[in-house]
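Examining the three-dimensional arrangement
As a plain string of letters, each chain reads:
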Amino acid sequence: MMNRQFFKLSAVSLLALVSIATSSAQEQDAREHARAAAVAAAKADGKATSVTLEEPTRSYFDWGAVLNPSGRVMSVRDDSVAQEMGIEVGDRILSVDGQQLAEQSLQDIVSYLETLDHGNSFAVTVQRQGQTETLSGRVKATVIPGWRLEVDVEQTVVDKANEANCGRVSVFVTPPEARDLYPAYFVSIDGDNVLTRKPIFKLSPGKHSIEVHELISDPWVRRSRSINQPKQLELNVEPDTTYYIAARFIREKRLSSVREEYWEPVVWREVEQQCDSD
């Protein structure tokens, strides 16, 4: 029975990357198309009541220098880590963190660089015009944010309203990371646990207590392994209004992992919308 579908990204090469810039509107359109495709797939199967599409958070380190098999630098990308280190076209790479290129393949060196974490320092020894120099750099990882989309064929919106008038809370739309806003998911509403990750809830007008977990993909986040608590948001819901909720990353407190001061739940967007229009 088809009740789960996984979409995997292609592997990203260290030496050749293609970047695709997507606007918020295009991203939302893509999510809507993905949702429609999931519903269509589930209905076509005839048995599945839900479909899940997901992709885990991934990161890669693009050094920015292109080498030939002998270790000669063929090009250096502008504004890359390699350029910041002072790597120049014509340099011959001798070693990276003491690992000699003469004793290993270029692929081994590339694989080693790919294992470095964001913020790690490393040293590259080069031969330039008969002289040997050691240059230092710091890893700048690029993160491909993870995402998860659960689609209930029978009911995508959970109705918790006690009267005809209602408002909505939603985590369905991806917030703009350029504003340090990241996805979140509901944990509980008014003390009632949310057993499945529904993206939209209808609520009666008035005050509500909403708990969410963060899904922040920024490489600077430092989480405590032993503590992972949801955070509470108090919200006064107005009729025929949808409130989009996100996790705001507080960069200046990124190292505060024990008390989890590095994030807070926020309403990042409000939209007037008839509550009974599904």
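Computed from a predicted model, the values in this text were never measured in an experiment.

**Describing the pattern of salt bridges**
Inspection of the entire model under this criterion finds eight salt bridges. Residue Arg 128 is joined to Glu 133 by a salt bridge in which the shortest nitrogen-to-oxygen separation is 3.6 Å. We classify Arg 128 as buried; its relative accessible area is 15%. Of the residues examined, Glu 133 reaches a relative accessible area of 30% and is grouped as partly exposed. The partner of Arg 251 in a salt bridge is Asp 218, and the shortest N-O contact between them spans 2.7 Å. Here Arg 251, found in the loop between strand 20 (241-249) and strand 21 (263-272), pairs with Asp 218, found in the loop between strand 18 (206-214) and strand 19 (231-237); they are 33 residues apart in sequence, far enough to count as distant. Here the salt bridges share partners, and the residues they tie into one network are Glu 88, Asp 91, Arg 128 and Glu 133.

**Digging into unusual backbone geometry**
In this model, Asp 97 sits at a positive phi of 50°, which is unusual for a non-glycine residue. If you trace the backbone, Asp 97 turns up in the loop between strand 6 (92-96) and strand 7 (99-100). Backbone geometry places Asp 190, a non-glycine residue, at a positive phi of 55°. By the element assignment, Asp 190 lies in the loop between strand 15 (184-189) and strand 16 (192-193).

**A word on the packing of aromatic side chains**
For the coordinates displayed, the defined rule picks out four aromatic pairs. Seen in terms of ring centroids, Phe 61 and Phe 122 are 5.8 Å apart; in terms of plane orientation they differ by 75°. Their pairing is edge-to-face. Placement of Phe 61 in strand 3 (residues 58-61) and of Phe 122 in strand 8 (residues 121-128) is noted, with a sequence separation of 61 residues between them. Note on Phe 122: relative accessible area 2%, which makes it buried. A centroid spacing of 5.3 Å and a plane angle of 90° characterise the contact between Phe 186 and Phe 201, whose relative ring orientation is edge-to-face. A residue pair is termed long-range when its members are at least 10 positions apart, and Phe 186 in strand 15 and Phe 201 in strand 17 (residues 200-203) qualify at 15 residues. Note on accessibility: Phe 186 and Phe 201 belong to one class, buried.

**Some remarks on the nonpolar core**
Core analysis: the biggest nonpolar cluster contains 23 residues, and Val 169, Phe 186, Ile 210, Ile 216 and Ile 245 have the highest contact counts within it. Per-element tally for this core: the top contributor is strand 20, with four residues. Not counting the four nearest positions on each side in its chain, Phe 186 is found in contact with Val 169, Ser 170, Val 171, Val 194, Lys 198, Pro 199, Phe 201, Ile 210, Glu 211, Val 212 and Ile 245.

**A closer look at the sheet that holds strand 6**
Strand order in the open sheet formed by four strands is 7-6-8-9, and the pairing between neighbours is antiparallel. Edge positions in the sheet fall to strand 7 and strand 9 (131-138), since each has one partner strand and no second. Here strand 6 runs beside strand 8; their pairing, made up of four bridges, is antiparallel. When the sheet's bridge partners are listed, Arg 92 is paired in strand 8 with Gln 127.

**Section: the pairing of strand 19**
The alternating pattern of strand 19 places Lys 231, Leu 233, Leu 235 and Val 237 on a buried face, while none of Gln 232, Glu 234 and Asn 236, on the opposite face, is buried. Bridge count between strand 18 and strand 19: seven bridges; the pairing is antiparallel. Note that in strand 19 the partner of Lys 207 across the bridge is Asn 236.

**Here we look at the confidence of the model for the protein**
Per-residue confidence for the protein gives a mean pLDDT of 77, with 70% of residues at or over 70. This model gives residues 1-25 a pLDDT under 50, and the stretch forms 39 contacts once residues within four places in sequence are excluded.

**Description of the side chain of Asp 91**
Mapped onto the elements of the fold, Asp 91 is located in the loop between helix 2 (81-85) and strand 6. Only 2.8 Å separates the side chain of Asp 91 from the backbone nitrogen of Glu 88, close enough to count as a polar contact. In terms of polar contacts, Asp 91 uses its side chain to reach the side chain of Arg 128, at 2.7 Å. Dropping the residues within four chain positions of it, Asp 91 is found in contact with Gly 71, Arg 72, Val 73, Gly 86, Val 126, Gln 127 and Arg 128.

**Topic: the sheet that holds strand 15**
Think of a sheet as strands paired side by side through backbone hydrogen bonds, with each pair either parallel or antiparallel. Here we have four strands laid out as an open sheet, ordered 16-15-18-19, and antiparallel in their pairing. In this open sheet, the two edge strands, each paired with only one partner strand, are strand 16 and strand 19. Pairing of strand 15 with strand 16, which is carried by two bridges, proceeds in the antiparallel orientation. Residue pairing in the sheet places Ile 189 in a bridge with Asp 192 of strand 16.

Procedures and definitions
Residue numbering note: each chain is counted from 1, following its sequence as written. pLDDT decides what is reported in this predicted model: residues at 70 or higher carry local features, side-chain atom pairs at 80 or more are listed and counted, and totals for whole chains, interfaces and linings draw on all residues regardless. Water and hydrogen atoms play no part in the side-chain values, which are based on all heavy atoms of the structure. Any Lys or Arg side-chain nitrogen located within 4 Å of an Asp or Glu carboxyl oxygen qualifies as a salt bridge. Relative accessibility decides the category of a residue: with a 1.4 Å probe and only protein chains considered, values under 20% of the type maximum give buried, values over 50% give exposed, and everything between is partly exposed. Going along the chain from the N terminus, every DSSP run of H or I of four or more residues is numbered as a helix, and every run of E of two or more is numbered as a strand. Pairing of aromatic rings covers Phe, Tyr and Trp, the last through its six-membered ring, and needs centres within 6.5 Å; plane angles under 30 degrees mean stacked, over 60 mean edge-to-face, and all others mean tilted. Side-chain atoms within 4.5 Å link the members of a nonpolar core, which is a set of buried Ala, Val, Leu, Ile, Met, Phe, Trp, Tyr and Cys residues. Note on contacts: a residue pair qualifies if any of its non-hydrogen atoms lie within 4.5 Å across the two residues. When DSSP finds two or more bridges between two strands, those strands count as paired. Confidence scores here are pLDDT values: one per residue, from the predictor, ranging 0 to 100. Polar contacts, as used here, are pairs of N or O atoms within 3.5 Å; protein pairs need one atom able to donate a hydrogen and one able to accept it. Residues neighboring in sequence count only if both atoms are side-chain atoms.

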